[in-house]
Amino acid sequence: LLQSGWHSRLAGLKTLLLNVSRAVTHDVLITFSPTAGPSELNTPQTGKAGKIHLPRQIFRSLSSQIVRVVVTVLNIQQLGMFKEVNQRAQVLDNTVVGITVGKSSISGLQDPVQITFAHSKLPQGVTPQCVFWDPSKGTPCSGPGVGLGTGAVPGTHSHPAVPVAGQAGGWHSRGCLTQPGDKGTVCSCDHLTFFTLLLNPALDGSTAKALIAVATAGCGVAMAFSIFTIAFCIFIRCRFRFEETVRINLGLHMNLVGSLLLLNLAFLLNSGLSGRTHPRTCRVLGGFTHYCLLCCFTWMALEGCQLYLLFVKVLGIYIHHYLAKLCLVGWGFPVLVVGVAGVIGSYGEYNIQTTDQQVIAHLCWITSKHLLVHYITNCGYFGLIFLFNMAVFGVVTQKSCSLQSTGAVQGYRKPWKVALVAAGLFCLLGATWALALLTYGTSSAPILYLFTILNSLQGIFIFIWLVVLYYPKTKQTIGSLSNIIRHDKITTASQD
């Protein structure tokens, strides 16, 4: 097609042909834009211009002395190409860049090719992703193909195939690294083919409204059950006020459920008042929401520490005012974090937008200028807590199973009760929050629904777990806990 010259008659297709020597002493730099197409770097560019950086090692590894480099810039809307089935992400400027060097396919580059897609600042809630067209994704459709082809012979390695009508394929990110910036996104890929930059909206309008409705209903129900749980814990603590271990455990559960109650309340206030409040009020509400979230994470960590002390270290709690000191950590440490974040002006209105800059949700939260605060204090902090709690959960589960096999704990022999205890601990340690780490782009909508439902119902799960575990056979449960600790102490002493 390039040799025949027909490419010049196709609207939406612009090409650049270069002959590069194998002994080239410098990297090859090419600029491109959606309107002007590709050109050498020394040619003036108007408007938004991207850049292609081809390392010279690519040419030195080839056998030919002179290598032809073909760079194509395609407008996929005009050409009707690169259409992925059920694609919801938007292609930046409808532009796809194709790069071929020589007649063989090139992959596994140690020094990757870099394509910089120029763009202005992306809307909030939009995630850029560097991708390439994978013709093997999906199955070929029946019917004749009409479109651009490269004349590749089956069974040989030639230029990457351009998708044609009637042929399946899709975007893939394998081998490409995305480095976003304010003025553009750099794609570092270890192979040569057709590339583009996908703009993945975190949520679309309908999904966001549905999630907010589900979360609002779930938070209302969770608040009611959180109050029931606190009342139940107070009743059990009063009934077994001489069992210090049980009182400490129930006190930890009460504080964790209390932090969940405050977090649900903060979310309801946030969803109801954000967008209509004074900026100063929004900053306070954003800081309060952040504080409640950090309190939940901290109390989850303290629950894990308590399990570690009881079932791994097998130590009694002899610290004076032990629970009061835990409260100082659980409620006090988040104050320091939120205070520092507030001093640097991290809180304010956060807008979630679609790719066409339509606002779909207002939140009083950490602003987009201080997202590093969110990544450190929320993502990083929870990541450490999650790893520690899951390690403790695994050890406690293994120890409980070994105690059952020896017949040391009679109250935990029933399989359904063992499963219930494991599920309760799993929820108590905050494992459902880990689903947030799996949410990425539009493909994570089912996980977002699952995350929203499970976390809004976390208070209900804890309430049911405590009721079944402590009532009505509270004496048997207390005895079981005491037997576990007593049995482990005897075992540890005998081993010493």
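Residues numbered from 1 in each chain as written. Predicted model: local features only at pLDDT ≥ 70, side-chain atom pairs only at ≥ 80, totals over all residues. Heavy atoms only, no water.

An unreviewed UniProt entry lists the protein chain under the name AGRG3 protein, from Picathartes gymnocephalus. The record in UniProt for the protein chain states the following under Subcellular location (unreviewed entry): "Membrane". (UniProt positions renumbered as here; feature names shortened; annotations may be inferred.)

(A) A look at the side chain of threonine 185. As for its placement among the helices and strands, threonine 185 is situated in strand β12 (residues 184-189). In this structure the side chain of threonine 185 is engaged in a polar contact, spanning 2.8 Å, whose partner is the side chain of histidine 119. (Helix = DSSP H or I, 4+ residues; strand = E, 2+ residues; numbered from the N terminus. Polar contact = N/O pair within 3.5 Å; in protein donor to acceptor, adjacent residues only side chain to side chain.)

(B) Representation of the sheet that holds β12 within the structure. Sheet architecture is open: six strands sit in the order β3-β2-β4-β8-β12-β11, paired in antiparallel fashion. Taken across any chain shown, the strands that pair with only one partner, and hence form the sheet edges, are β3 (37-40) and β11 (176-180). When the angles between neighbouring strand axes are averaged without regard to direction, this sheet yields 20°. (Pairing = 2+ DSSP bridges. Axes fitted to C-alpha atoms, helices over the stretch in contact; angles between N-to-C directions.)

(C) Fine view of the nonpolar core. If you look at the biggest cluster of nonpolar residues, it comprises 59 residues, and the most contacted ones within it are Phe297, Leu307, Trp433, Ile462, Leu466 and Tyr470. Among the elements that make up this core, the one with the highest residue count is helix α5 (residues 279-312) (14 residues). Setting aside anything within four residues of it in sequence, one finds tryptophan 433 in contact with Leu263, Leu293, Phe297, Met300, Phe382, Phe451, Asn455 and Gln458. Counting 34 residues, the second largest nonpolar core, distinct from the first, contains Ile58, Val97, Leu109 and Cys189. (Core = buried A, V, L, I, M, F, W, Y, C linked by side-chain atoms within 4.5 Å. Buried < 20%, exposed > 50% of the residue type's maximum accessible area, 1.4 Å probe, protein only. Contact = heavy atoms within 4.5 Å.)

(D) How the structure looks around the packing of helix α4 (residues 244-273) against helix α6 (residues 322-343). Direction vectors running N to C along α4 and α6 enclose 25°, while the axes themselves pass 10 Å from each other. Considering the angle they form, α4 stands roughly parallel to α6. The handedness of the crossing between α4 and α6 is right-handed. Along its contact with α4, which presents Ile248, Gly251, Leu252, Asn255, Gly258, Ser259 and Leu262, the element α6 presents Tyr322, Leu323, Leu326, Cys327 and Trp331. (Parallel < 35°, antiparallel > 145°, perpendicular 65-115°, else oblique. Left-handed = near helix turned anticlockwise from the far one by under 90°.)

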